[in-house]
Amino acid sequence: MKKIKKSIYLVIIMLLGVVGLTTYAVTAWLTDTDTSGPQTFTVGDVEFALSGAATTVTPVVPGQELVATKYTLTNASTVSTELRVKITIVTSYPSVDEDAKSLVLMTLGSNWGTETDGYYYYSVSSNPIIVAGTQALDFLTSLKLDGSKVGNPYTAATFTVTIMFEAKQADYVTWTELGSASIDFTTGIPAV
């Protein structure tokens, strides 16, 4: 009986040894590791520069061209981009910061769509993507006070034109996502 117990114990120890070695071998097969070499990624850049000039002659009169040198945007981005602009025009008459967009005649460069949700969007043949690389895009070619709407009551009134450009990478983000994230377009970082 002692021999049988010893044999059973020996068989159990051998089985545990076989199970242990098998587990070790399977574990070694399933946990192989390796390290790749260094990977280098370059972050793209969205960059546009505005150039152009308004007239310096004052006071101005209705019908007078206010754009001395047409406004253009130069694309220096290293990634494909999309572009939109918001134009705000206010006057001091009849009250301060009165919306005056309807009081001016404005001509935008080709490829700028009609105003949608407060913005003008740039697109060529319904394609809003501007490829990377240096290229000049005409923006504002003419701006005049509309003489049929701006008369003597506007004497000494001031008009303030504010142009806000927003450019974003074309891929992986939408205008809506940027708007809901409250991105500060001057830094590209979420607004505080």
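The residue count restarts for each chain, going from 1 along the sequence in the order it is written. Given that the model is predicted, a residue must reach a pLDDT of at least 70 before its local features are reported, and side-chain atom pairs must reach 80 or more before they are shown or counted; all residues, however, enter totals for whole chains, interfaces and linings. Think of the side-chain values as coming from all heavy atoms in the structure, minus any hydrogens and water.

## Some words on unusual backbone geometry
In step 1: In the segment running from threonine 58 into proline 59, the intervening peptide bond is cis, with an omega of -5 degrees.
In step 2: Residue proline 94 is bonded to the preceding tyrosine 93 through a cis peptide linkage, with omega at 0 degrees.
In step 3: Despite not being glycine, asparagine 111 has its phi angle at roughly 80 degrees, a positive value.
In step 4: By secondary structure assignment, the location of asparagine 111 is in the loop between β5 (104–108) and β6 (120–121).
In step 5: By relative accessible area, asparagine 111 is classed as partly exposed at 31%.
In step 6: At serine 126, a residue that is not glycine, the phi angle is positive and equals roughly 65 degrees.
In step 7: Inspection of the secondary structure assignment puts serine 126 in the loop between β6 and β7 (135–145). In this description a helix means any DSSP run of H or I spanning at least four residues, a strand means any run of E spanning at least two, and both kinds are numbered starting from the N terminus. Only protein chains enter the accessibility calculation, which uses a 1.4 Å probe. A residue is then buried if its area is under 20% of the maximum for its type, exposed if over 50%, and partly exposed in between.

## Overview of the confidence of the model for the chain
In step 1: Of all residues in the chain, 88% have pLDDT values of 70 or greater, and the mean over the chain is 86.
In step 2: Taking the mean pLDDT of every element in the chain, the minimum, 65, falls on strand β9 (residues 183–184) and the maximum, 96, on β5. On a scale of 0 to 100, pLDDT captures the predictor's confidence in every residue.

## What to know about the sheet that holds strand β2 (residues 67–75)
In step 1: Following DSSP output, two strands are said to pair if at least two bridges run between them. Strand order in the open sheet formed by four strands is β1-β2-β7-β5, and the pairing between neighbours is antiparallel. If you trace the sheet from one side to the other, it starts and ends with β1 (48–54) and β5, each paired once. Going across the sheet, the axis of each strand differs from the next one's by a mean of 15 degrees, ignoring polarity.
In step 2: Of the strand pairs in this sheet, β2 and β7 are connected by five bridges, and their pairing is antiparallel. Bridge pairing links asparagine 75 to glutamine 135 in β7. All axes here are fitted lines through C-alpha atoms, helices being fitted over the stretch that makes contact, and every angle between N-to-C directions spans 0 to 180 degrees.

## Things to note about the pattern of salt bridges
In step 1: Just to be clear on terms, a salt bridge is a Lys or Arg side-chain nitrogen sitting within 4 Å of an Asp or Glu carboxyl oxygen. Within this structure, the stated rule accounts for four salt bridges.
In step 2: Salt-bridge contacts for lysine 70 lead to aspartate 138; the nearest nitrogen and oxygen are separated by 3.1 Å. Linking lysine 70 in strand β2 with aspartate 138 in strand β7, this pair joins segments that are 68 residues apart in sequence.
In step 3: Accessibility expressed as a relative area gives 40% for lysine 70, which makes it partly exposed.
In step 4: By relative accessible area, aspartate 138 is classed as partly exposed at 30%.
In step 5: Residues arginine 84 and glutamate 166 are paired through a salt bridge, measuring 2.6 Å at the closest nitrogen-oxygen approach. Separated by 82 residues along the polypeptide, arginine 84 in strand β3 (residues 81–91) and glutamate 166 in strand β8 (residues 159–169) bring together distant segments of the chain. Each member of the pair arginine 84 and glutamate 166 is classed as buried.

## Structural notes on the pairing of β7
In step 1: Two elements, β5 and β7, share five bridges in a ladder whose sense is antiparallel. Its bridge partner being in β7, valine 104 is matched across the sheet by leucine 145.

## Quick notes on the nonpolar core
It is characteristic of soluble globular proteins that their nonpolar side chains tend to be buried jointly.
In step 1: Side-chain atoms within 4.5 Å link the members of a nonpolar core, which is a set of buried Ala, Val, Leu, Ile, Met, Phe, Trp, Tyr and Cys residues. Counting 23 residues, the largest nonpolar core has Leu83, Ile87, Leu108, Trp112 and Phe139 as its most contacted members.
In step 2: The set of elements that each furnish at least two residues to this core consists of β2, β3, β5 and β7.
In step 3: The contact criterion used throughout is that any non-hydrogen atoms of two residues lie within 4.5 Å. Setting aside residues up to four positions removed in sequence, phenylalanine 139 forms contacts with Tyr71, Thr72, Val85, Ile87, Thr107, Leu108, Gly109, Trp112, Ile163 and Phe165.

## Quick look at the side chain of asparagine 75
In step 1: Tracing the backbone shows asparagine 75 in strand β2.
In step 2: Relative accessible area serves as the criterion here: at 0%, asparagine 75 is assigned to the buried category.
In step 3: Here a polar contact is taken to be a pair of N or O atoms separated by no more than 3.5 Å, where protein atoms must pair a possible hydrogen donor with a possible acceptor and residues adjacent in sequence count only if both atoms sit in side chains. At 3.1 Å, the side chain of asparagine 75 forms a polar contact with the backbone oxygen of valine 131.
In step 4: In terms of polar contacts, asparagine 75 uses its side chain to reach the backbone carbonyl oxygen of glycine 133, at 3.5 Å.

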